[in-house]
Amino acid sequence: MTRIKRGISLSAKPLLIAAALLASVWAAARYNAASTLMAAFSQNLSGEAALTLLRAETASAALRPPAYETLLSLGSPFLAALRGKDDTSPPGQGVATPARIEPPPPNPPTMTPMLPHAAEQTASPPPSPSPDAGSGDLPPLWDDRVWPRPAEDDPGARPLREVTLLPVGPDGSWLTDGTVAVNNETSFSIDIPAMLALPPKQSASDGPQILIIHTHASESFLPDERDFYIPTDIERTEDTRYNVVRLGDEIAKRLEEDYGLTVLHDRNINDFPTYSGSYARTLRAIEGYLKEHPTIQAVLDIHRDSITSRDGYTYKTVCDSSYGKTAQMMFVVGTNGTGLPHPGWRDNLAFAAQLQSRLLQASPTLMRPIHLRKERFNQHASPGSLILEIGTAANTLTEALRAANLLCDAVGPYLAEILLP
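Just so it is clear, the structure is predicted and the values come from calculations on it, not from any experiment.

## Re the overall build of the chain
Okay, step 1: Within the chain, the secondary structure is distributed over eight helices and twelve strands.
Okay, step 2: For the chain, with 421 residues in total, the buried portion stands at 50%.
Okay, step 3: The contacts of the chain with a sequence gap of at least 6 include a subset with a gap of at least 24, amounting to 80%.
Okay, step 4: When the accessible surface of the chain is split by element, carbon and sulfur atoms take 56% of a total near 19700 Å².

## A word on the packing of helix α5 (residues 244-259) against helix α8 (residues 397-419)
Two numbers describe a pair of packed helices, the interaxial angle and the distance between the axes.
Okay, step 1: In contact at an axis separation of 9 Å, α5 and α8 are set at 35 degrees when each is read in the N-to-C sense. Considering the relative orientation of α5 and α8, their crossing is right-handed. Where α5 abuts α8, its residues Arg246, Leu247, Glu250, Ile251, Arg254, Leu255 and Tyr259 lie against Leu397, Ala400, Leu401, Ala404, Asn405, Leu407, Cys408, Asp409, Gly412, Pro413, Leu415 and Ala416.

## Here's the deal with empty space enclosed by the protein
Okay, step 1: Applying the stated criterion to the full structure yields six cavities of 30 Å³ or more.
Okay, step 2: Considered as a void within the structure, the largest cavity measures approximately 130 Å³ in volume.
Okay, step 3: Surrounding the largest cavity, 15 residues form its lining, Ile210, Leu300, Phe351, Leu355 and Leu415 being those nearest its centre.
Okay, step 4: Elements with a contribution of two residues or more to the lining of the largest cavity: α5, β6 (298-305), α7 (345-362) and α8.
Okay, step 5: The element best represented in the lining of the largest cavity is α8, accounting for four residues.
Okay, step 6: Quantified by volume, the second largest cavity comes out at close to 110 Å³.
Okay, step 7: If you go around the second largest cavity, the residues you meet are Met195, Leu198, Pro199, Pro200, Lys201, Gln202, Asp347, Ala350, Phe351, Gln354, Gly384 and Tyr414.
Okay, step 8: Of all the elements, α7 adds the most residues to the lining of the second largest cavity, at four residues.
Okay, step 9: In terms of residue class, the lining of the second largest cavity is built from seven nonpolar, three polar and two charged.

## A word on the pattern of salt bridges
Okay, step 1: Here the structure, examined in full by the defined rule, presents eleven salt bridges.
Okay, step 2: Linking Arg246 and Glu250 is a salt bridge whose minimum nitrogen-to-oxygen distance equals 3.3 Å. Taken as a pair, Arg246 and Glu250 lie in helix α5 at a separation of four residues, close to a single helical turn.
Okay, step 3: Judged by its relative accessible area of 22%, Arg246 is partly exposed.
Okay, step 4: With a relative accessible area of 14%, Glu250 lands in the buried category.
Okay, step 5: A salt bridge links Arg254 to Asp258; the shortest N-O distance between them is 2.5 Å. Separated by four residues within a single helix, Arg254 and Asp258 lie in helix α5, roughly one turn from each other.
Okay, step 6: The structure contains a network of salt bridges with shared partners spanning Glu162, Lys316, Lys325 and Glu399.

## Let's talk about α8
Okay, step 1: Maximum bend of α8: about 50 degrees, positioned at Val411, with proline Pro413 one to four residues after it.
Okay, step 2: Among the 23 residues of α8, 20 are classified as buried, and the element is accordingly described as predominantly covered.

## Let's talk about the confidence of the model for the chain
Okay, step 1: Looking at the chain as a whole, its pLDDT mean stands at 73, while 61% of the residues score no less than 70.
Okay, step 2: For the stretch residues 1-8, pLDDT sits under 50, and the model shows zero contacts to residues farther than four places along the chain or on other chains.
Okay, step 3: Throughout residues 33-156 the model reports pLDDT below 50, and contacts reaching past four residues in sequence, or to other chains, amount to 213 contacts.

## Considering the packing of aromatic side chains
Okay, step 1: Summed over all chains, the structure comprises two aromatic pairs.
Okay, step 2: Plain terms: the ring middles of Phe188 and Trp345 are 4.9 Å apart, the flat faces sit at 35 degrees to each other, and that makes the pair tilted. Of this pair, Phe188 sits in the loop between β3 (182-184) and α4 (192-196) while Trp345 sits in helix α7, and the two are 157 residues apart along the sequence.
Okay, step 3: Phe188 sits in the partly exposed class, given a relative accessible area of 24%.
Okay, step 4: A centroid spacing of 5.8 Å and a plane angle of 45 degrees characterise the contact between Tyr279 and Phe377, whose relative ring orientation is tilted. Residue Tyr279 is located in helix α6 (residues 278-292), and its partner Phe377 is located in the loop between β11 (370-372) and β12 (385-392); the two are separated by 98 residues in the primary sequence.

## Regarding the pairing of strand β10 (residues 329-333)
Okay, step 1: Burial runs high along β10: five of the five residues are buried.
Okay, step 2: Burial along β10 is two-sided: the face carrying Met329, Phe331 and Val333 and the face carrying Met330 and Val332 are both buried.
Okay, step 3: Taken together, the four bridges between β10 and β12 define a ladder with antiparallel strand orientation. Within β12, the residue paired with Met330 across the bridge is Glu389.
Okay, step 4: Pairing of β10 with β11, which is carried by two bridges, proceeds in the parallel orientation. If you follow Val332 over to β11, its bridge partner there is His371.

## Structural notes on the sheet that holds β3
Okay, step 1: Spatially, β3-β11-β10-β12-β6-β4-β5 is the arrangement adopted by the seven strands of the open sheet, whose pairing is mixed. Bordering the open sheet on either side are β3 and β5 (263-265), each of which pairs with just one other strand. If you compare each strand with its neighbour and ignore which way they point, the axes differ by 25 degrees on average.
Okay, step 2: Two elements, strand β4 (residues 210-213) and β5, share three bridges in a ladder whose sense is parallel. What sits directly across from Leu211, in β5, is Leu264.

Reading the values: rules and limits
Residue positions are given per chain, counted from 1 along the sequence in the order it is written. At least 70 in pLDDT is required for a residue's local features to be given in this predicted model, at least 80 for side-chain atom pairs to be given and counted, and no such filter applies to totals for whole chains, interfaces and linings, which use all residues. Side-chain measures here rest on the full set of heavy atoms in the structure, leaving out hydrogens and waters. Working definition: helices are DSSP H or I runs of at least four residues, strands are E runs of at least two. Numbering for both runs from the N terminus. Burial classification: accessible surface area is computed with a 1.4 Å probe over protein chains only, and a residue below 20% of its type maximum counts as buried, one above 50% as exposed, and the rest as partly exposed. Contacts between residues were defined by any pair of non-hydrogen atoms, one from each residue, lying within 4.5 Å. Per-residue and other accessible areas were derived by the Shrake-Rupley procedure at a 1.4 Å probe size, with only the shown protein chains allowed to occlude residues. Interaxial angle, 0 to 180 degrees, is taken between N-to-C directions of lines fitted to C-alpha atoms, where a helix line uses only the stretch in contact. By convention, the crossing between two helices is left-handed when the near helix turns anticlockwise from the far helix through less than a right angle, and right-handed when the turn is clockwise. Grid points spaced at 1 Å and placed over the protein atoms alone form the basis of the search, with a cavity being a set where a 1.4 Å probe fits but cannot get out and a pocket an open set showing protein on both sides within 12 Å along at least five of seven lines. Lining residues have an atom within 4 Å of a point. Grid points are joined across faces, edges and corners, and a volume is the space filled by probe spheres set on the points. Amino acid classes used here: Ala, Val, Leu, Ile, Met, Phe, Trp, Tyr, Cys and Pro are nonpolar; Asp, Glu, Lys and Arg are charged; the rest, including Gly, are polar. What counts as a salt bridge is simple: a side-chain nitrogen of Lys or Arg found within 4 Å of a carboxyl oxygen of Asp or Glu. By definition, a residue's bend is the angle between the axes fitted to the seven residues ending there and the seven starting there. pLDDT measures the predictor's confidence residue by residue and takes values from 0 up to 100. The criterion for an aromatic pair is that two Phe, Tyr or Trp rings (for Trp, the six-membered ring) have centres within 6.5 Å, with stacked assigned to planes under 30 degrees apart, edge-to-face to planes over 60 apart and tilted to the rest. For two strands to pair, DSSP has to find at least two bridges joining them.

Structure follows, in structure tokens:
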């Protein structure tokens, strides 16, 4: 018995020693990986932000490298932190590198919503940030710093392309002359020049005139070093500082303070707890507001778009404006094309055309064509109901806020003229 025990003990020693060595190597590699990751993140994030991100991933105070899939879900800019820096680059170089501009792909992107008659125009490269970015007449909100983009050969990376989506005229040229174009996905015939000549259907009132609401309130934008957040879902966050609710806040504030309008802003997350049923929840909210405030003459449902191509590219729609690089916008107008009652959709389309005309006068490339759809999108509930898509998931919050301010600059005076007594 004694010999057998000794034999087993002696034969197990090499295995135990080997296991101990492997454990030491594994622990050292784990420590080095965590240190390397932390150092890489620190070049782009403050230490506190990096710790917050890592601890959120691990759900503990211990540091360990996040899963690659998690980094993808947080947004591909974070992958840039893992690629390392050129050893010949000065410290900190690359933090303020603008997003890389790629040539248009050989095939047009599949868009959501589709724009079959619109065309792509590669956006002009943004100017390099000046040393005093954020100073001068414009507040720090307009800082142009963005994350470096991942290279196309990064495994799993979603390369980004900047485009300006414009309608094309009969001769094939870009329509940047203020022409109000419509992407008509219905079987209805429309006459935009006649609609532009119509007097507004809205009437002046002393009570609240405008309702801003968000069917998909959690829709968010590309995190950057200024507007950094941890998404609660892919391309979404319930943090109203960084989703489309933030745009509603800005528009409501500007319309009230600068133009004297009374705006109600529903800041509820209507796509929570489930994305399904968002429109039903929003309709109940709209009907409640209309019952309590019958003076409401316009309902603006603010979203942001998402555009990807079949080959995996993600698109940000931008234009040049007086504010700098700005996200493009698009009105979506519903009809009764599915058979559901919606007798006033032509009035809503006329309202969208009136607003679009003024927006194009302010910035000729700001607006994508109006998208006329078969679905009614709750727009049967009230005259003057529209969906407004501001930017895409690849735009930054700053670019979207610029668009929101241009919206107020261009249509604020018109809304005040027709809605105020």
